[in-house]
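What follows is the residue order along each chain.
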Amino acid sequence: MTEQEIRDTVLRALRNVAPEIDPATLSPGVPLREQVDIDSVDYLRVLVELNEKVGVDIPEADYARIATIDQLVAYLVGRTGTARAGPPAG
């Protein structure tokens, strides 16, 4: 799975739990709970879906480290061994 595929999977999981979310309006560096109305149960449902789709178990001790989309993507990239996208070769 590429970094972009992981990002797309994160956004899909958010939409599956909260269909009213428009991914185009989300700021990737701002905590999700400040941007959308999801409670801790909904967020847990997002993490469970990500576990099923990406195959990464996220322990509760790590929840504070993954408050934003960017943090969540970076966490999943790190746990899956996916190479992070860098600047284009030139």
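Sequence positions are assigned chain by chain, starting from 1 and proceeding in written order. For this predicted model, a pLDDT threshold of at least 70 governs which residues receive local features, and a threshold of 80 or more governs which side-chain atom pairs are given and counted, while totals over whole chains, interfaces and linings are taken from all residues. Only hydrogens and water are set aside when side-chain values are computed; all heavy atoms of the structure are taken into account.

(A) Highlighting the overall build of the chain. Strands here are runs of E lasting at least two residues and helices are runs of H or I lasting at least four, both read from the DSSP assignment and numbered beginning at the N terminus. Along the backbone of the chain there are four helices and zero strands. If you list the helices and strands of the chain from N to C, you get α-α-α-α. Note that the radius of gyration is over C-alpha atoms, with the globule rule given as 2.2 Å times the number of residues to the power 0.38. Its C-alpha atoms give the chain a radius of gyration of 13 Å, near enough to 12 Å, the size a compact globule of 90 residues would have. Taking the principal axes of its C-alpha atoms as reference, the chain extends roughly 45 × 30 × 20 Å. Accessibility here uses a 1.4 Å probe with only protein chains present; expressed as a share of the type maximum, an area under 20% marks a residue as buried, one over 50% as exposed, and anything in between as partly exposed. Out of the 90 residues in the chain, the part that is buried amounts to 38%. Counting only contacts in the chain whose residues sit at least 6 apart along the sequence, the fraction spanning at least 24 positions is 55%. Per-residue and other accessible areas follow the Shrake-Rupley method at a 1.4 Å probe size, with only the shown protein chains counted as cover for residues. Total accessible area computed for the chain in this model is approximately 5,400 Å², and 49% of it derives from carbon and sulfur atoms. Pairs of residues are marked as contacts when any of their non-hydrogen atoms sit within 4.5 Å.

(B) Region of interest: the side chain of Arg 7. Checked against the element boundaries, Arg 7 lands in helix H1 (residues 3-17). Within polar-contact distance, the side chain of Arg 7 engages the side chain of Asp 70 at 3.1 Å. Among all residues touching Arg 7, those that are not within four sequence positions of it are Pro 28, Ile 69, Asp 70 and Val 73. Pairs of N or O atoms are called polar contacts if they sit within 3.5 Å, as long as, within protein, a hydrogen donor faces a hydrogen acceptor (for residues adjacent in sequence, only side-chain-to-side-chain pairs).

(C) Examining the pattern of salt bridges more closely. Here, a salt bridge means any side-chain nitrogen of Lys or Arg that lies within 4 Å of a carboxyl oxygen of Asp or Glu. Enumeration according to the criterion identifies four salt bridges in this entry. With a closest N to O distance of 3.1 Å, Asp 70 and Arg 7 form a salt bridge. Of this pair, Asp 70 sits in helix H4 (residues 69-80) while Arg 7 is found in helix H1, placing the two residues 63 residues apart along the sequence. The partly exposed category is assigned to Asp 70, whose relative accessible area is 33%. Among the ionic pairs, Arg 79 bridges to Asp 62, the shortest N-O distance being 4.0 Å. Here Arg 79, found in helix H4, pairs with Asp 62, found in the loop between helix H3 (40-54) and H4; they are 17 residues apart in sequence, far enough to count as distant. Using a relative accessible area of 13% as the deciding quantity, one classes Asp 62 as buried. A single salt-bridge network, built from bridges that share partners, covers Asp 62, Arg 65 and Arg 79.

(D) Main features of the nonpolar core. Take the buried Ala, Val, Leu, Ile, Met, Phe, Trp, Tyr and Cys residues and link them wherever side-chain atoms come within 4.5 Å; each set so joined is a nonpolar core. Of all hydrophobic cores here, the largest spans 26 residues; its most connected members are Val 10, Leu 14, Leu 50, Leu 72 and Leu 76. Residue assignment for this core shows that the elements contributing at least two residues are H1, H3 and H4. Apart from the residues within four sequence positions on either side, Val 10 is in contact with Leu 50, Ile 69, Leu 72, Val 73 and Leu 76.

(E) Local environment of H4. Multiplying one less than the number of residues by 1.5 Å gives the expected span of a helix. The end-to-end C-alpha separation of H4 is 16 Å, in line with the 16 Å expected for 12 residues at 1.5 Å each. Among all positions in H4, only Ile 69, Leu 72, Val 73, Tyr 75, Leu 76 and Val 77 are buried. Taken together, the buried residues of H4 touch H1, helix H2 (32-35) and H3.

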